[in-house]
Amino acid sequence: MSEASVHETAIVSSAARIAPSVSIGPYTIVHDNVVIGEGTVIGAHCEIGHRASVRSAMPLTIGAESLIRSHSVLYEGSTLGDRLVTGHHVTIREGTVAGIGLQVGTLSDIQGDCVIGDYTRMHSNVHVGQGSTIGSFVWLFPYVVLTNDPHPPSEVRLGVTVHDYAVVATMSVLLPGVRVGEGALIGAHSSVSRDVAADSVVVGSPAKFVGAASDIAYRDGSGAKAYPWRYTFHRGYEESDVRRWLAEAERRAASSTSDT
Amino acid sequence: MSEASVHETAIVSSAARIAPSVSIGPYTIVHDNVVIGEGTVIGAHCEIGHRASVRSAMPLTIGAESLIRSHSVLYEGSTLGDRLVTGHHVTIREGTVAGIGLQVGTLSDIQGDCVIGDYTRMHSNVHVGQGSTIGSFVWLFPYVVLTNDPHPPSEVRLGVTVHDYAVVATMSVLLPGVRVGEGALIGAHSSVSRDVAADSVVVGSPAKFVGAASDIAYRDGSGAKAYPWRYTFHRGYEESDVRRWLAEAERRAASSTSDT
Amino acid sequence: MSEASVHETAIVSSAARIAPSVSIGPYTIVHDNVVIGEGTVIGAHCEIGHRASVRSAMPLTIGAESLIRSHSVLYEGSTLGDRLVTGHHVTIREGTVAGIGLQVGTLSDIQGDCVIGDYTRMHSNVHVGQGSTIGSFVWLFPYVVLTNDPHPPSEVRLGVTVHDYAVVATMSVLLPGVRVGEGALIGAHSSVSRDVAADSVVVGSPAKFVGAASDIAYRDGSGAKAYPWRYTFHRGYEESDVRRWLAEAERRAASSTSDT
């Protein structure tokens, strides 16, 4: 059986359960309450399995074929699916449960006690407050903040919910308890204080409804629709998902033609 | 006398004055111009007492029973009171003078030359510009920025002032020279260009007055007031402060009853 | 010939081309595809020449007399001019081409595939999206984001252009494809969706024109103009540039006097 490839300067607990074929970079620390799946690569200067303030019985589980970039800190007590990819200087606190294919950009900060679906992508510098519920194939762009306290500071925690395929553009805030519907689009620099219906576009502070996402055309003048984005944007997704999306797009096109 | 517990990979200057019972994590660097109080814990990959560009005669002083989390960088020339707690990837520059119980969240960046009272709490990713004056029991939520230059770039520095018990919600900017009164509440995603009176709530960009903080009720329909928050939110504060706040709340309740 | 001063804990590839008189701090990693100029100082816990996902034939080139502060990560495939200064926890990705005197503040994140002129300054926590074009003597203040995708997520990349001497104040977003004219001023907490003419001031979300930058006076009541800022603000610039700016200011003053 091949041994994990651990840099000689890394400090790795002998209690950590690390699959063979895992690679661990220089100056990285792996604590005891950790499970790392096959083929995962961990960069330099990371801290993996950092103790939670209230000790967790649960380990930090990192799925197979993941990539954790340098200077990232992941706490014990979280379960992260296969093919996780993080940027640099990322923090993921205890109680985070995420599906497969999660991407977390540089400087993002997941505060823990949250649930995230499959193939969700956070760009740089995203802040996910405790109690958030995020679906699958969601996009959170840079400097997006998901809040949770309706009258800060208080003991009340009203996490936000973001449904599948929704997109939150740069520097927008989701206020406590807000629900963002499937495929909805939050414009950049918005402050969302009310629930957003599926396929709706809202913009501004406070954010107001401005139309349907599925009415937005590409800027290239082709007349092609830019949303649902899954009909046209496929980079990095599974072939099976892409096939499903294309079939759905064809059905919709056929149905809209027959309507005419 | 017990020795400080210094990880074998840490690099600690022999000139640093470190109390016994201090703990210093792996790969952390402690420079010479540093004083660390009893019982303080410093995590991994930190740099403590980083040289200022203009060398400071003053050391970096970290009070007793503090916790500095990993990847944080604290400069010489700052005085930080007992029970300081920082998140990860925090920067505190020279000339910061803070009281006891300061909490500075992950990715926060205190630019130095500022004064901070006791028990003030900054959540993740807060930016405190040079020349800021922050009282005690203040709350700054994620992505709050305190600015200081009224016509950037210029040599004029007009720091902001935030009085005791004030709360600045997520992603709000305090513009240069602004004063935020005691117990005032700045709503999320606001841009504050004028002084805010005590107990006032302002929201928007530019922020406008929308009411009194003390009129805001809990969202649970109980009718209970959510502000002053110190009457109901006590997590992590000293028993003596909590007793004082509860007595004040009782006096106010009695007075408002006798008014009826 | 003097040797580079490499801390004994640093890990430096023998293939890296490092000028004598370079200093490399503790726990820093320098990969093979790297060229570092004379007199440059690299702090602790950095990763220099990080591999790009798509390997670059180009090395990371860091000019002479530069200062890279701790915990920064710079990728291969970027060319950065002399006297580069970074803060802490900075990320610069592949394909960044920058002139001399670039300053990049703490926590800033340059996503790569971008061009930056000379003496441009980014304060803390600035995000430069791929495809950005930034001139010389530009100022980007904290939490400014330069975006690039007009219908996120899509394969379309419409980078922004910021011309010489322009200033973008705190927490403003430049939307995809926007051009900011020479010497323009974007007020704090703005969302810029349209091109901004030279010397214009725009504010708000969406940002609207409010006047000419060159009409803004210092707040001190002196009546002196605050813009073009280069007529009065000179800290850290080259003497030759400052002389040129002062001569230009004199000519403009003479011309405006003769107009009267």
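Bear in mind the structure is a predicted one, so any value in this text is a computation, not a measurement.

How each quantity is defined
Once a new chain begins, its residue numbering starts again from 1 and follows that chain's sequence as written. Think of it this way: whatever chain is written first is A, whatever ligand is written first is 1, and the rest follow in order. Only residues with pLDDT of at least 70 get local features here, since the model is predicted, and only at 80 or more are side-chain atom pairs given and counted; chain-wide, interface and lining totals rely on the full set of residues. Excluded from the side-chain calculations are hydrogens and water; all other atoms, namely the structure's heavy atoms, are used. These domain limits were set by an automatic method or by a database of domain assignments. By definition, residues are in contact when any of their heavy atoms lie within 4.5 Å. Values labelled buried area give the accessible surface lost by two parts on being combined, using a 1.4 Å probe and summing over both. Criterion for a salt bridge: a side-chain nitrogen of Lys or Arg within 4 Å of a carboxyl oxygen of Asp or Glu. Labels follow the DSSP assignment, with helices taken as runs of H or I lasting at least four residues and strands as runs of E lasting at least two, numbered in each case from the N terminus. Throughout, exposure labels follow a simple rule: accessible area from a 1.4 Å probe, protein chains only, divided by the maximum for the residue type, with under 20% read as buried, over 50% as exposed, and the rest as partly exposed. Any two strands with at least two DSSP bridges between them are considered paired. In summary, the pairing rule links any two rings of Phe, Tyr or Trp, Trp by its six-membered ring, whose centres are within 6.5 Å, and it sorts them by plane angle into stacked for under 30 degrees, edge-to-face for over 60 and tilted for everything else. The rule for a charge over a ring is simple: NZ of Lys or CZ of Arg within 6 Å of the ring centre, and within 35 degrees of the ring normal.

## Observations regarding the domain arrangement of chain A
Residues and elements named next belong to chain A. As far as domains go, chain A holds domain 1 (5–224) and domain 2 (228–260). Computed from C-alpha coordinates alone, the two centres of domain 1 and domain 2 are separated by 26 Å. Each partner contributes residues to the interface: domain 1 has ten residues there, and domain 2 has 13 residues. Summed over both partners, the interface of domain 1 with domain 2 buries about 960 Å², with 52% contributed by carbon and sulfur atoms. Of all residues in domain 1, the largest losses of buried area upon contact with domain 2 belong to R121, F137 and Y165, amounting jointly to 50% of the total for that side. Joining domain 1 to domain 2, the criterion identifies one salt bridge.

## Notes on the pattern of salt bridges
Residues and elements named next belong to chain A. Following the criterion strictly, the structure yields 24 salt bridges over all chains and no others. Residues E76 and R55 are paired through a salt bridge, measuring 2.7 Å at the closest nitrogen-oxygen approach. Of this pair, E76 sits in the loop between β11 (73–75) and β12 (79–80) while R55 sits in the loop between β8 (47–50) and β9 (60–62), and the two are 21 residues apart along the sequence. On the basis of relative accessibility, which here comes to 41%, the residue R55 falls in the partly exposed class.

## Overview of the pairing of strand β8 (residues 47–50) of chain C
Residue and element names in this part refer to chain C. Where strand β5 (residues 29–30) and β8 come together, two bridges link them in parallel fashion. Paired with I29 across the two strands is E47, which belongs to β8. The pairing of β8 with strand β11 (residues 73–75) spans three bridges and is parallel. The residue bridging H50 from the neighbouring strand is Y75, located in β11.

## Some words on the pairing of strand β31 (residues 207–212) of chain B
All names here are of chain B. The pairing of strand β30 (residues 200–204) with β31 spans five bridges and is antiparallel. When the bridges of β31 are listed, S200 appears paired with A212. Hairpin remark: β30 followed by β31, antiparallel, with two residues in the connecting loop.

## Quick word on the packing of aromatic side chains
Here the structure, examined in full by the defined rule, presents 48 aromatic pairs over all chains. Note on A:Y237 and A:W245: the rings are 5.2 Å apart at their centroids and 70° apart in plane angle, and the pair reads as edge-to-face. Each member of the pair, A:Y237 as well as A:W245, is classed as buried. Here a set of aromatic residues connected by ring pairs shows up, and it is made of A:Y119, A:F137, A:W139, A:F141, A:Y165, A:W229, A:F233, A:Y237 and A:W245. Of note, C:R121 hangs over the ring of C:Y237, and the distance from its end group to the ring centre comes to 4.0 Å. Seen from the ring of C:Y165, C:R230 lies directly overhead, with NZ or CZ sitting 4.1 Å from the centre.

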